[in-house]
Amino acid sequence: MTTLNATQARALVAIVKAVTETVAESEPIGAPGGVLYAVLMVQGCSWNQYESLMGALVRTGKLRLEADCYHIA
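Residues numbered from 1 in each chain as written. Predicted model: local features only at pLDDT ≥ 70, side-chain atom pairs only at ≥ 80, totals over all residues. Heavy atoms only, no water.

As a further point, take the side chain of T20. For T20, the location among the structural elements is in helix α1 (residues 6-26). What makes T20 buried here is its relative accessible area of 17%. A polar atom in the side chain of T20 sits 2.9 Å from the backbone oxygen of V16. The contact partners of T20, leaving out residues within four places of it in the chain, are L63 and I72. (Helix = DSSP H or I, 4+ residues; strand = E, 2+ residues; numbered from the N terminus. Buried < 20%, exposed > 50% of the residue type's maximum accessible area, 1.4 Å probe, protein only. Polar contact = N/O pair within 3.5 Å; in protein donor to acceptor, adjacent residues only side chain to side chain. Contact = heavy atoms within 4.5 Å.)

This part takes up the nonpolar core. Among the nonpolar cores identified, the biggest contains 14 residues, and V19, Y50 and M54 are the most heavily contacted of them. Of all the secondary structure elements, the ones that give two or more residues to this core are α1, α2 (33-42) and α3 (47-59). Residue contributions to this core peak at four residues, all from α3. Setting aside anything within four residues of it in sequence, one finds M54 in contact with V19, L36, L63 and Y70. (Core = buried A, V, L, I, M, F, W, Y, C linked by side-chain atoms within 4.5 Å.)

All right, on to the sheet that holds strand β1 (residues 31-32) then. Taken together, three strands build an open sheet; the order of strands is β1-β3-β2 and the sheet is antiparallel. Edge strands, defined here as strands with exactly one partner in the open sheet, are β1 and β2 (63-66). Bridge count for β1 against strand β3 (residues 69-72) is two bridges, and the pairing is antiparallel. Considered in β3, the bridge of P32 is made with C69. Set on the sheet, α1 makes contact with β1, β2 and β3; between it and β3 the angle comes to about 95°. Packing against the sheet, α3 makes contact with β2 and β3, and its axis sits at approximately 110° to β2. (Pairing = 2+ DSSP bridges. Axes fitted to C-alpha atoms, helices over the stretch in contact; angles between N-to-C directions.)

So, in structure tokens, the structure goes:
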């Protein structure tokens, strides 16, 4: 497991906040995973990073995934 420094931890918190706010605003339809990935990819996010982030948000109960659309859990 990689330990994050303070700057990386703040960046991760900001990313999680941005993703969850975006998903919340997309309700009741949900936020398409492909669109979320495209936006994060432009900012330098790799596919593996995206999968790790979204998987963690689903596993921790912040989001749920239905038919490739993310919803607030």
